[in-house]
Amino acid sequence: MSGKLDQEMETLWTLLFRIVTDLEDRIASHMAAHQLTPPQFYVIKTLYEHDGRCAIGQIAREHHLTNATMTGLVKRLEKPDPPLVQRERSHLDRRSIDVILTDAGYKRFDDIRFDLMKQVKSMLSLLDDDGRQTLINYATYYTTFVIEQFPNQKPPEA
């Protein structure tokens, strides 16, 4: 039994690693087409998920980055004309800096999301109804079982 399980583990690891690297490459291509790096996109996505405003330190923690690294990412997102984000002092803690998603940032996020969804739709259209439902069922199983039963072991915060 152990030999079969070990073989299945190796097969699954190979397949999952291939899927993850393929998705990373696809996402990077989409980001480049919109003049963003994946880390810059993830900052915008985080702001989008926080209703367009978030403390720079919190964004850094969510992405396991230092505040200095996050500050560099934010500075690059401020450079386009019009800027995708802006910074201002927090209303809650004057020592803290909030990053705010601008209208241009919301538009860039929506444009990228639209392009990604077009690709997902194209990929799903290659499957019949049963194939699509099977894929959704496996993805649902992963998100409800694997993620909940085996939470990611995040490194301790500095």
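Refer to the structure presented above.
Right, let's walk through the structure included here. (Residues numbered from 1 in each chain as written. Predicted model: local features only at pLDDT ≥ 70, side-chain atom pairs only at ≥ 80, totals over all residues. Heavy atoms only, no water.)

The next point concerns the environment of glutamine 35. Tracing the backbone through its elements, the reader meets glutamine 35 in the loop between helix H1 (2-33) and helix H2 (38-49). With a relative accessible area of 61%, glutamine 35 lands in the exposed category. Distance in space between the C-alpha atoms of glutamine 35 and arginine 61 is 24 Å, their sequence separation being 26 residues. In this view, glutamine 35 contacts Gln40 and Arg108; residues no more than four positions away in its chain are not counted. From its side chain, glutamine 35 meets the backbone oxygen of alanine 33 in a polar contact 3.4 Å long. (Helix = DSSP H or I, 4+ residues; strand = E, 2+ residues; numbered from the N terminus. Buried < 20%, exposed > 50% of the residue type's maximum accessible area, 1.4 Å probe, protein only. Contact = heavy atoms within 4.5 Å. Polar contact = N/O pair within 3.5 Å; in protein donor to acceptor, adjacent residues only side chain to side chain.)

So, about the pattern of salt bridges. Evaluation of the coordinates by the stated rule reveals 10 salt bridges. Residue arginine 87 pairs with glutamate 78 through a salt bridge whose shortest N-O separation is 2.9 Å. Of the charged contacts in the structure, one is a salt bridge between aspartate 111 and lysine 107, with a shortest N-O distance of 2.9 Å. Taken together, the residues span about one helical turn, with aspartate 111 and lysine 107 both in helix H5 (residues 103-124) at a distance of 4 residues. Classification of lysine 107 as exposed rests on a relative accessible area of 52%. Connected through salt bridges with shared partners, the residues Arg53, Glu88 and Asp98 form a single ionic network. (Salt bridge = Lys/Arg side-chain N within 4 Å of Asp/Glu carboxyl O.)

Moving on, we get to the environment of aspartate 128. With respect to the element layout, aspartate 128 can be found in the loop between H5 and helix H6 (129-149). In this structure, the C-alpha to C-alpha distance between aspartate 128 and aspartate 93, residues 35 residues apart in sequence, is 53 Å. One polar contact links the side chain of aspartate 128 to the main-chain amide nitrogen of glycine 131, over a distance of 2.6 Å.

Inspection of the entire model under this criterion finds 7 aromatic pairs. Here the aromatic residues Phe41, Tyr42, Tyr48, Tyr106 and Phe109 are joined through ring pairs into a cluster of three or more. (Phe/Tyr/Trp six-rings, centres within 6.5 Å; stacked < 30°, edge-to-face > 60°.)

Across its 22 residues, H5 extends 31 Å between first and last C-alpha, which sits within 8% of the 32 Å expected from 1.5 Å per residue. Restricting attention to buried positions, one finds in H5 the residues Gly105, Arg108, Phe109, Ile112 and Leu116. Down the axis of H5, the buried set is contained in an arc of 100°. They therefore lie on one face. Turned more than 90 degrees off the buried face of H5, the exposed positions are Asp103, Lys107, Phe114, Met117 and Lys121. (Expected span 1.5 Å × (residues − 1). Arc of directions from axis to C-beta.)

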